[in-house]
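For reference, the chains in residue letters:
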Amino acid sequence: MKTTEKQNDMIRGGQFIVRDTKAEDVFTPEDFSEEQKMMRDSVKEFVDREVWPKKEEFEKKNYALTEEIMRKAGELGFLGVAVPEEYDGLGMDFVSTMLVCDYISGATGSIATAFGAHTGIGTLPILLYGTEEQKKKYVPKLATGEWFGAYCLTEPGAGSDANSGKTKAVLSEDGKHYKISGQKMWISNAGFCDIFIVFARIEDDKNITGFIVEKDLENGISLGDEEKKLGIHSSSTRQVFFNETKVPVENLLGERNGGFKIAMNALNVGRIKLAAACLDAQRRVIDSAVKYANDRVQFNTPISKFGAIQQKLAEMATATYTGEAACYRAAKNIEDRINLRKESGNSHQEAELKGVEEFAIECSILKVAVSEDIQNCTDEGIQIYGGMGFSADTPMESAWRDARISRIYEGTNEINRMLSVGMLVKKAMKGHVDFMGPAQAVKDELTGIPSFDTPDFSELLSEELDMIKKLKKVLLMVSGAAAQKYGTELEEQQQLLLASADILIEIYMAESAILRAKKNANAKGEDTQKVQIAMAQLKLYHAVEKINEKAKEAIISFAEGDEQKMMLMGLKRFTKYYNYPNIINLRKTIAERVIEDNTYKF
Ligand SMILES: Cc1cc2nc3c(=O)[nH]c(=O)nc-3n(C[C@H](O)[C@H](O)[C@H](O)COP(=O)(O)OP(=O)(O)OC[C@H]3O[C@@H](n4cnc5c(N)ncnc54)[C@H](O)[C@@H]3O)c2cc1C
């Protein structure tokens, strides 16, 4: 196939809402190559050996331990997986980089954060926007763990409004360097890093500009004390003060005024990787929880035999299975885009940037969904342990505290929810994805006579995929009508945007779980995937319920009279099951497998 034909055929970011995806077209964790499986196993072995046994030590604010583990990870090549070989990295594909991030992050949020801050926002801006000289000078050191990176965007007065920072960069009279002055806060890895990616404003520029700043404490740089935090206790988080710090002009990153773009694009990668970073933590929580539930006896019965505990284990496993499905589906879409761009002549840099940017909607969706799933998973983990779950002597307590940060950094979940819908609307307006046609078709369908035929659902998961199609109509109906009513003022209607985002997120996650189960059932036989199919069905049921709630909330808030009535009828039609699944049985099927395996093994 020619590159342009491939381009037309290949799914675009956000397009899942208006396009049916076939099961055979998604990548699933079961599709990992032998090389990827080897990488996964070696990362897992490293974490089991070096990190998991020291879990308690990570609660004692042992920053040196985090640095030591990071250095060892560097020696094994894990810090350079996303870095091309010419800069001393392993030059692995995007899916493999997700895999490493996933499995290295499971034991403690301290390592997850240090790894994410270093390999993502601490290294990527140079790799993606740096000049050849900058890349040659800094990237090999960062890829091997000889040096560590940190990312200084947030300031006391500039958090979510990241472009409003007050840090200044003033060009010297001889034009050879900038003097940077300002205060950055919440900087991960600040205590042990060697370079900072710093964002500062030059003169009265509209946007901030990025700089690479070496950490020389003799050069006007000072650090605040380690922050006292709820979780990630051995992740170094400090304020960083710059007082006329001299930075050579050749260390300006990208273009003047272009820092906001760098910051946002680095965050796109950060978001999908953060979602991946929550996956193995969920697997480990389930593993501990089910082992405890099988051992703990009350009323002369292992508590895993109780329906109340089985319900929790089933929900935890389902969320994890769904998160894996969605993360690796999106990762492969990104990888395919990157490869297509490379084929059409883009540099690695350009291809990677544009490839990830294309799927920024999915990156935000995943960040929100998986960071909330891990919160629920750890919370239920504590509940399964009962009083022992509240004790710092068990792994649940720290897992729960560590999970909490994921909803805040890399853009809060509120910001990411609004971004996901905002970006979808922009794509529609730019004509990158045709939403108008399908939205009009839904409108026409609402005023038309509904079909009373009972569809043929004999094919595996066909009713579920039909439901996904209908849920997409709900999104088009609600967001289409809201956009028509509010026009450019839609962005002021935050509660509507949040409701639309929840609908969008539920669709992507549920569709991913169904497609994963279907693909594997087609390939390996339905009998082998009974539990996975049950998980896909359970996830879909939750998605339908949530979408019903959120869409109703939106419709009764912005539509009135006949329009409201018509949309509520549409909502009923588009969320109607022909055959309800038996939710209690689904949970039983899932829990029984987890209990029998005594771990999460999907
Ligand atoms: C442990 C930790 C590590 C971190 N690491 C780094 C790092 O390495 N580098 C770095 O630069 N930063 C880092 N951060 C900062 C982090 O990215 C910010 O905390 C985050 O972006 C939120 O900014 P804020 O804390 O100023 O909250 P605010 O922006 O003040 O937000 C407060 C609340 O208001 C909401 N809100 C804000 N604006 C809007 C809006 N327009 N509409 C609706 N709701 C809104 C938010 O969602 C949130 O609920 C870290 C933070 C922590 C806690």
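Caption draft 1: Expanded view of the pairing of strand β4 (residues 195-202). Of all 8 residues in β4, 8 are buried; the element is thus mostly enclosed. Neither face of β4 is left uncovered, since the one carrying Ile-195, Ile-197, Phe-199 and Arg-201 and the one carrying Phe-196, Val-198, Ala-200 and Ile-202 both have all their residues buried. Two elements, strand β1 (residues 149-152) and β4, share 4 bridges in a ladder whose sense is parallel. Across the sheet, residue Ala-150 finds its bridge partner in β4, namely Phe-196. When β4 meets strand β5 (residues 209-214), the two strands line up antiparallel, connected through 6 bridges. Residue Ala-200 lies in a different strand from β5, and its bridge partner there is Thr-209. Counting the residues between successive antiparallel strands, the hairpin from β4 to β5 contains 6 residues, one of them, Glu-203, with a positive phi of roughly 45°.

Caption draft 2: Quick look at the pattern of salt bridges. Applying the stated criterion across every chain yields a total of 45 salt bridges. The shortest N-O distance in the salt bridge between Asp-48 and Arg-284 comes to 2.9 Å. One end of the pair, Asp-48, is in helix α2 (residues 34-51); the other, Arg-284, is in helix α9 (residues 279-295), with 236 residues separating them in the sequence. Using a relative accessible area of 33% as the deciding quantity, one classes Asp-48 as partly exposed. Accessibility expressed as a relative area gives 10% for Arg-284, which makes it buried. Here Arg-49 and Glu-50 are joined by a salt bridge, their closest N and O atoms 2.9 Å apart.

Caption draft 3: Seen up close, helix α13 (residues 395-404). Taking burial as the measure, the 10 residues of α13 include 7 buried ones, the bulk of the element. Within the span of α13, buried status applies to Met-396, Glu-397, Ser-398, Ala-399, Arg-401, Asp-402 and Ala-403. Turning to α13, the residues buried within the fold contact α5 (109-121), α9 and α12 (360-385).

Caption draft 4: Layout of the environment of Gly-191. Mapping Gly-191 onto the fold places it in the loop between β3 (177-188) and β4. In this structure the C-alpha to C-alpha distance between Gly-191 and Ser-236, which are 45 residues apart in sequence, comes to 5.6 Å. Beyond its immediate chain neighbours, meaning those up to four positions away, Gly-191 contacts Lys-215, Leu-223, Glu-226, Ser-236 and Arg-238.

Caption draft 5: The packing of aromatic side chains, seen in detail. Applying the stated criterion across every chain, the model contains 15 aromatic pairs. A ring pair is formed by Tyr-292 and Tyr-385, whose centres lie 4.1 Å apart and whose planes are at 15°; its orientation type is stacked. With Tyr-292 in helix α9 and Tyr-385 in helix α12, this residue pair connects regions lying 93 residues apart in the sequence. Take Tyr-292: its relative accessible area is 18%, and that puts it in the buried class. By the ring-pair criterion, three or more aromatic residues cluster together here, those being Phe-27, Phe-32 and Tyr-328.

Reading guide: rules and limits
Residues numbered from 1 in each chain as written. Predicted model: local features only at pLDDT ≥ 70, side-chain atom pairs only at ≥ 80, totals over all residues. Heavy atoms only, no water. Buried < 20%, exposed > 50% of the residue type's maximum accessible area, 1.4 Å probe, protein only. Helix = DSSP H or I, 4+ residues; strand = E, 2+ residues; numbered from the N terminus. Pairing = 2+ DSSP bridges. Salt bridge = Lys/Arg side-chain N within 4 Å of Asp/Glu carboxyl O. Contact = heavy atoms within 4.5 Å. Phe/Tyr/Trp six-rings, centres within 6.5 Å; stacked < 30°, edge-to-face > 60°.

On their own, these measurements won't tell you what the molecule is for.
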